[in-house]
Amino acid sequence: MRARRALLYMPGDDRHKIEKALTLDVDCICMDMEDGVALNRKTEARRIIATALRELTFGRSEKLARINAVGSGLEMEDIGVVLPSRPDGIVVPKAESLEQIQWVSGKIEAAELAHGWPVNSIRMLVGVETAKAILNLKEIASHPRLDGLIFGGEDYAASVGAVRTPEAMELLYARSAVVTAAAAFGLQAIDMVTINFQDLETLRREAAFGAQLGYTGKQVIHPAQVGPVQEAFTPNDESIENARRLLEAFGAHQKDGKGAFALDGKMIDMPLVKAAQGVLERARAAGKWQTDFSPQN
Ligand code: COA
Ligand code: MG
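Only a predicted model underlies this, so the values are computations on that prediction, with no experimental measurement involved.

Trainee: Outline the pairing of strand β4 (residues 89-92), listing residues and values.
Mentor: Burial of β4 is two-sided: the residues G89 and V91 facing one way and the residues I90 and V92 facing the other way are all buried. In this structure, strand β3 (residues 62-66) lies alongside β4, joined through 3 bridges in parallel fashion. Bridge pairing in β4 places A65 opposite I90. In this region the chain leaves β3, passes through helix α3 (residues 75-82) and returns to the parallel neighbour β4; the handedness of that crossover is right-handed. With helix α4 (residues 98-115) bridging β4 and the parallel strand β5 (residues 123-128), this β-α-β connection has right-handed handedness.

Pasting the structure below:
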């Protein structure tokens, strides 16, 4: 799966910000039709996104379009206008049931068939940002067109009546539930936005904590947030080297018939081997690691 360390939103009716995003070397560019766009600008946003998808060169950045929630009454036109311009994926906010995911996927499949594009080539990422979504996570996450779950922290807090604090302890249950569901279904998990976009210290702290929880990326809303977030979700040289050494030692001990062994004063067995493989997998997705290194070779 492609790396989605930073997912940058911009209002879909702002062509300048879309063009700006192309200069940022960001993993994902998500042109928004939902909450970043005023109600009286939705039509304009659809038109500008469709045109941008056709006219602009996105390079290595993934082209995503975020529609309005299924049931909002806006979703049908959102998806109908942007799909013919072939985005790489559709972001579905405030998903609450499998039926909603199936509805969007059905629309995408119809467009794929109509245009002769490979079925399932347009991917879906789903916003989990309400209490109901957390209750229905297992069903929502099971859909085969999904590549990732996106945790909407502010919307979730509003949905349960939580009071937001800098430590975000009030979000921990839902934030962890999203990572767990994503891991269970082999999906990426994309963490909440740090809305105070001028405070890069808070951004780095929140990104590091998200990575500790198991998130693979984070939503961002401003160019200044892209670099720090992509860095936070890329394994550093030291952890790549540690993972490499661990797998090398594991391979040697397996040959000697030893499952558990000691390395640098720590007991190493299967869970740590899997974690090390995960580190190299993320390094590879970020273009920092080329060699195929499985413990067998
Ligand atoms: N994507 C691309 N470019 C962006 C951007 C974004 N999300 N946010 C700001 N920029 C651009 C600005 O247009 C400006 O470009 P310029 O120097 O060529 O004029 C430059 O980056 C600096 O922007 P700045 O002046 O610091 O911010 P701002 O006051 O223009 O915008 C926000 C602040 C919050 C309104 C803006 O960052 C934004 O729209 N973010 C995305 C909001 C969104 O999509 N929300 C819904 C999803 S949660
Ligand atoms: Mg939201």
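So much for the structure itself; the text now carries on.
Trainee: An account of the packing of aromatic side chains is requested, with residue identities and associated values reported.
Mentor: Within the structure shown, the criterion is met by 1 aromatic pair. Judged by centre distance (6.0 Å) and plane angle (50 degrees), the rings of F151 and Y156 are tilted. Each of the two residues, F151 as well as Y156, counts as buried.

Trainee: A description of the coordination of the magnesium ion (ligand 2) should follow, citing residues and the corresponding values.
Mentor: Protein coordination at the magnesium ion (ligand 2) comes from E129 (OE) and D155 (OD), with a distance range of 2.0 to 2.4 Å. Residue E129 is located in the loop between β5 and α5 (131-135), and its partner D155 is located in helix α7 (residues 153-160); the two are separated by 26 residues in the primary sequence. Given the relative accessible area of 5%, E129 is considered buried.

Trainee: Got a sec to walk through the packing of α3 against α4? Specific residues and values, please.
Mentor: Where α3 contacts α4, the two axes come as close as 11 Å, and the packing angle between them is 30 degrees. Considering the angle they form, α3 stands roughly parallel to α4. Crossing hand, α3 versus α4: right-handed. The segment α3 lies against α4, with E75, M76 and I79 engaging W103, V104, K107 and I108. Looking at the contact of α3 with α4 residue by residue, the classes come out as 5 nonpolar, no polar and 2 charged.

Trainee: For the sheet that holds strand β8 (residues 217-220), give the residues involved together with the corresponding values.
Mentor: Spatially, the 8 strands close up into a barrel ordered β1-β2-β3-β4-β5-β6-β7-β8, and their pairing is parallel. When the angles between neighbouring strand axes are averaged without regard to direction, this sheet yields 25 degrees. Where β5 and strand β6 (residues 146-151) come together, 5 bridges link them in parallel fashion. Among the inter-strand pairings, V128 is bridged to a residue of β6, identified as F151. Together, β2 (28-32) and β3 form the strand contacts of helix α2 (residues 42-55), whose direction differs from that of β2 by roughly 150 degrees.

Criteria and thresholds
Residues numbered from 1 in each chain as written. Chains lettered and ligands numbered in written order. Predicted model: local features only at pLDDT ≥ 70, side-chain atom pairs only at ≥ 80, totals over all residues. Heavy atoms only, no water. Buried < 20%, exposed > 50% of the residue type's maximum accessible area, 1.4 Å probe, protein only. Helix = DSSP H or I, 4+ residues; strand = E, 2+ residues; numbered from the N terminus. Pairing = 2+ DSSP bridges. Right-handed = clockwise from strand over helix to strand, strands pointing away. Phe/Tyr/Trp six-rings, centres within 6.5 Å; stacked < 30°, edge-to-face > 60°. Donors = N, O, S within 2.8 Å, 3.2 Å for Na, K, Ca; no water. Axes fitted to C-alpha atoms, helices over the stretch in contact; angles between N-to-C directions. Parallel < 35°, antiparallel > 145°, perpendicular 65-115°, else oblique. Left-handed = near helix turned anticlockwise from the far one by under 90°. Contact = heavy atoms within 4.5 Å. Nonpolar A, V, L, I, M, F, W, Y, C, P; charged D, E, K, R; others polar.

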